[in-house]
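Observations on the model geometry
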Amino acid sequence: MNSHDITIIIPVYNCEKYITRCIDSIINQNYNSIEIIIINDGSTDSTFEKCNEYAKKYSNVKVINQENKGVCYSRNIGIKNAQGEYILFVDADDYLLENSLDNIYSVLEDKFDIIKFSYIIKNKKSEKKMIYEEKEYNFTVDDKEQFFKSFLENSYENMVWGQLIKRSLLDKITFEENIFYAEDFLFNYELYNQAKTIKYTEKMLYNYEKNDNSITMNFKNEKILKKIDNIIYVFDKLTLESESLHKRKILDIKFLKEVIPQIMMLVFEKEISRVELIKQYKEMFEKSFFKKVFSEVEEVDLKKYKYKKIYKFMKKKKFNLLYIFSKMYMILKKVQAILINIKNR
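Residues numbered from 1 in each chain as written. Predicted model: local features only at pLDDT ≥ 70, side-chain atom pairs only at ≥ 80, totals over all residues. Heavy atoms only, no water.

What follows deals with the side chain of Asp-113. When you line up the elements, Asp-113 lands in the loop between α4 (102–108) and β6 (114–122). Look at Asp-113 and you get buried, because its relative accessible area is 11%. A distance of 2.8 Å separates the side chain of Asp-113 from the backbone nitrogen of Lys-196, its partner in a polar contact. In this view, Asp-113 contacts Tyr-86, Leu-164, Ile-165, Lys-166, Leu-169, Ala-195, Lys-196 and Thr-197; residues no more than four positions away in its chain are not counted. (Helix = DSSP H or I, 4+ residues; strand = E, 2+ residues; numbered from the N terminus. Buried < 20%, exposed > 50% of the residue type's maximum accessible area, 1.4 Å probe, protein only. Polar contact = N/O pair within 3.5 Å; in protein donor to acceptor, adjacent residues only side chain to side chain. Contact = heavy atoms within 4.5 Å.)

And the structure:
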């Protein structure tokens with residue numbers, strides 16, 4: 001093995017409130033054959049200074065300082081500098097569970113290309129354990145298309161954290177630096193496409209802090225439209241590369257599950273009138289990728305009621321109904337969230 005079994009890559013930007021918790025959760029592990037690469041992406045608070053203190057104290061901690069270039073660029077810099085046989089991505093507001101790296105040694109010896117660990121999803125009010133069934137895939141004999149069907153149906157498979165990745169797999173795979181949304185999904189899709197072996201384990205490793213005030217909850221019209229463009233870019237790229245008609249159909253359905261919530265959130269932009277928003281709908285659904293999806297996917301292919309209804313309005317160009325249904329649904333979701341908060345006080 002290399003001098004370090006694992007390289008842990010942490011991109012950081014203005015996270016002075018929680019970066020110490022993140023790094024301490026790694027430093028305090030019993031397992032010590034690791035290097036930690038922290039990429040400071042132009043922070044304007046005390047994040048860089050806090051990270052530098054660890055680099056001064058621990059020889060296996062390296063801090064790279066750069067102008068703000070985004071999380072994808074930062075992760076790619078981390079990959080280029082990694083020395084470990086395996087790579088683990090950690091987000092700055094998350095952390096590793098106590099002594100969870102002890103679970104790694106027992107699975108490293110089998111030399112899987114990717115090892116996916118169970119994890120905890122946590123917010124201010126609750127936490128939920130997501131425990132994988134013990135499962136191994138060897139794609140010289142196992143059906144990769146069936147694996148991808150399962151992968152595409154699970155939204156948390158989009159995340160790059162919580163998995164050990166053999167560094168040699170990343171010789172040809174990088175994060176797409178010209179997008180800021182759905183980039184993790186694209187990375188994982190291409191990663192799993194290259195992998196020959198994948199192991200899922202019930203062993204716990206990672207605590208994911210679900211931040212309801214994060215960038216993904218931004219309702220600004222311009223931001224949402226850019227996110228929709230990112231989603232189109234990712235799925236257009238993947239469907240063009242796919243030779244299987246069945247896989248392309250599954251990708252189209254996944255695309256709708258990703259893009260419909262964003263379309264529904266457009267109704268919350270106060271500075272955009274209903275007339276202006278309907279004009280945006282018309283322009284959006286004239287895009288060639290939407291037209292392709294409309295020709296390939298039927299309402300019955302979607303399981304959830306909200307997806308069926310929104311898709312029906314999109315496909316049949318019932319833009320007023322699309323607006324009204326989205327508005328009512330999103331208001332109802334807000335009311336439900338308020339009631340849950342009151343109940344939990």
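Still more to cover.
This part covers the pairing of strand β4 (residues 86–89). Going residue by residue along β4, you find Tyr-86 and Leu-88 tucked away on one face and Ile-87 and Phe-89 tucked away on the opposite face as well. Sheet topology places strand β1 (residues 6–12) next to β4; four bridges connect them, and they run parallel. Its bridge partner lying in β4, Thr-7 is registered against Ile-87. (Pairing = 2+ DSSP bridges.)

Right, let's get into the side chain of Gln-29. If you trace the backbone, Gln-29 turns up in the loop between α1 (19–27) and β2 (34–41). Accessibility expressed as a relative area gives 7% for Gln-29, which makes it buried. Setting aside anything within four residues of it in sequence, one finds Gln-29 in contact with Leu-96, Leu-97, Glu-98, Asn-99, Ser-100 and Leu-101.

Applying the stated rule across the entire model yields one cavity of 30 Å³ or more. The space that makes up the largest cavity amounts to roughly 50 Å³. Looking at the lining of the largest cavity, its residues break down into six nonpolar, one polar and two charged. (1 Å grid on protein atoms, 1.4 Å probe; cavity = no way out; pocket = protein on both sides within 12 Å on 5 of 7 lines; lining within 4 Å. Points joined across faces, edges and corners; volume = space filled by probe spheres on them. Nonpolar A, V, L, I, M, F, W, Y, C, P; charged D, E, K, R; others polar.)

Among all positions in helix α10 (residues 288–296), only Phe-289, Phe-290, Val-293 and Phe-294 are buried. The buried residues of α10 occupy an angular sector of 140° when projected down its axis, which confines them to one face. Residues of α10 that are exposed and point more than 90 degrees away from the buried face comprise Ser-288 and Ser-295. The elements touched by buried residues of α10 are α7 (221–241), α8 (245–265), α9 (274–285) and α11 (305–315). (Arc of directions from axis to C-beta.)

What follows is about the state of the cysteines. For the structure shown, the criterion picks out zero disulfides. Looking at Cys-22, it has no disulfide partner, and the nearest cysteine sulfur is the one in Cys-15, 7.8 Å off. No disulfide involves Cys-72; its sulfur sits 16 Å from the nearest other cysteine sulfur, which is in Cys-15. (Disulfide = S-S within 2.5 Å.)

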